[in-house]
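Single-letter residue listing:
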Amino acid sequence: MKGTESTMALLLCLGLSLLAFVHSSNVKNCHHGCHCEVESFGLFDSFSLTRVDCRGLGPGTTMPIPIPLDTSHLDLSSNAMGPLTDTMLSGPGYTTLVSLDLSSNLITTITANVLSKLRYLETLDLSHNNLQSLSLGCFASLPLAEVDLSHNSFQDFDMDVFATKVNGEPVSVDLSHNKLVSVSTTLRGRELHIQTLNLSANRLLSVPTLAGLPLRYLNLDGNPITQIKEGAFAQLKDLVYLSISGLQELQEIMPNSFNGLQSLQVLDLSNNPKLKTFSPAVFSGLDSLLELNFSGSGVASLPNNMLTHLPSIKSITLGRSIQCWRTQKQGQFHRQLGQVQHNEVLSCNVEGVVL
Ligand SMILES: *[C@@H]1O[C@H](CO)[C@@H](O)[C@H](O)[C@H]1NC(C)=O
Ligand SMILES: *[C@@H]1O[C@H](CO)[C@@H](O)[C@H](O)[C@H]1NC(C)=O
């Protein structure tokens, strides 16, 4: 069923792209510094998308910039907009936006209502600005699916800003390259639909409490975390991919740290040079884990009994290119049980790694 659906979707896309026409000339109301394009799709041009590119218009530009009535994609990046105030994104054309790029604009603040009329907005890029905080209701009426807040100056971040009044679609949030020391969620995720969260390259000293978020992907790379404590990821039961890589200060992962991650399939612990040893009980609860990566970390050998904690594991990577797999060893006939016992062991492409 899935396969048929995706094949049909592919055929549909192919069909649409064959039938797409781009008319870049004579778009009505295209501001002189912008580039406007209308893409029509379908047999009788029944669908159209207007893309407006107003990047780097230069000094003396006043906002809002007039845009064509049915604009769906607007790029306003690199315009030194400064503080974003209520009138800067208003006027005909703005209410139909599906995607908006406000990156590299020296934005320091956003008023609570400046985005509130963009009620079809799914993709918002606010990266490379100087934001330190957001007013709590500023995204509340938007059907956001993707928000890029990377390369800003956030220190404390309250995820509740993503609580919406509109029907909750899964949201992907990029908060990498900020100055985050804390991330909080007081709603306990009840109305938050964040599935992808990127917290890499921040100043987190410990794993933040994200209990209740329906996360499927979490990235904590490059934070100054020294220790991962028991239950650090408790309640992230939907998480599939966890990346904790490039932590220069990480020395210790305590037993049961990953308890509760019952759906986790990939755990990236690579490039953690100070991480040298761990007890197999660190991995208890990781019932679905398929891949574990210790490449470039201080871990040089593996206890063979770690397999008892990792029932689904397929591959473990160590050092530069040491690869280990789960294999079955023919056991001996067990006299009391009257059957042949199969033992599962770890075997690697280099000897002496498994102890
Ligand atoms: C998370 O952010 C880092 C650093 O910006 C980037 O390398 C990585 O690709 C991001 N992950 C995702 C899923 O976007
Ligand atoms: C393990 O991590 C290293 C370094 O990040 C990466 O190059 C490698 O591809 C990863 N291996 C697997 C099997 O994912």
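As the structure is a computational prediction, the values presented were derived from the model and not from experiment.

Draft legend 1. Here's a closer look at the site of ligand 2. In the vicinity of ligand 2, the contacting residues are S245, S270, N271, N293, S295, G296 and T317. Taken together, the residues of the shell around ligand 2 break down into no nonpolar, 7 polar and no charged.

Draft legend 2. Inspection of the nonpolar core at higher detail. Grouped together as the largest cluster of nonpolar side chains are 83 residues, with contacts concentrated most on L118, F162, V173, I194, L215 and L239. Residue assignment for this core shows that the elements contributing at least two residues are β9 (171–174), β11 (194–198), β17 (291–295) and β18 (315–319). Counting only domains with at least three residues in this core, you end up with domain 1 (20–153) and domain 2 (225–355). Once residues within four sequence positions are removed from consideration, L215 is found in contact with I194, Q195, L197, L210, L236, D238 and L239.

Draft legend 3. Seen up close, the site of ligand 1. Residues in contact with ligand 1, as listed here, are S150, S176, H177, N198, S200, A201 and N219. Class assignment for the residues of the shell around ligand 1 results in 1 nonpolar, 6 polar and no charged.

Draft legend 4. Quick peek at unusual backbone geometry. The peptide bond linking M63 to P64 adopts the cis configuration, its omega dihedral lying at 0°. Inspection of the secondary structure assignment puts P64 in the loop between β3 (47–53) and β4 (71–75). Non-glycine residue L106 carries a positive phi angle of around 55°. Here L106 lies in the loop between β5 (99–101) and β6 (123–125). For L106, a count of 13 C-beta atoms within 10 Å puts it in the partly exposed group. Even without glycine at this site, H151 takes up a positive phi of about 55°. On the basis of neighbour counts, which here come to 19 C-beta atoms within 10 Å, the residue H151 falls in the partly exposed class.

Draft legend 5. Highlighting the confidence of the model for the protein. For the protein, the mean per-residue pLDDT works out to 87, and 88% of the residues sit at or above 70. Counting contacts from residues 13–18, a segment whose pLDDT is below 50, to residues more than four positions away or on other chains yields 1 contact.

Draft legend 6. Spatial organisation of the pairing of β9. The pairing of strand β7 (residues 146–148) with β9 spans 3 bridges and is classified as parallel. Bridged to E146 within β9 is S172. The sheet contact formed by β9 and β11 spans 4 bridges and is parallel. Along β11, the bridge assignment pairs V171 with I194.

About the cut-offs
Residues numbered from 1 in each chain as written. Chains lettered and ligands numbered in written order. Predicted model: local features only at pLDDT ≥ 70, side-chain atom pairs only at ≥ 80, totals over all residues. Near = placed C-beta within 6 Å. Nonpolar A, V, L, I, M, F, W, Y, C, P; charged D, E, K, R; others polar. Core = buried A, V, L, I, M, F, W, Y, C linked by C-beta atoms within 7 Å. Buried ≥ 20, exposed ≤ 12 C-beta atoms within 10 Å, placed from the backbone. Helix = DSSP H or I, 4+ residues; strand = E, 2+ residues; numbered from the N terminus. Domains from an automatic or database assignment. Contact = placed C-beta atoms within 7 Å. pLDDT = per-residue confidence, 0-100. Pairing = 2+ DSSP bridges.

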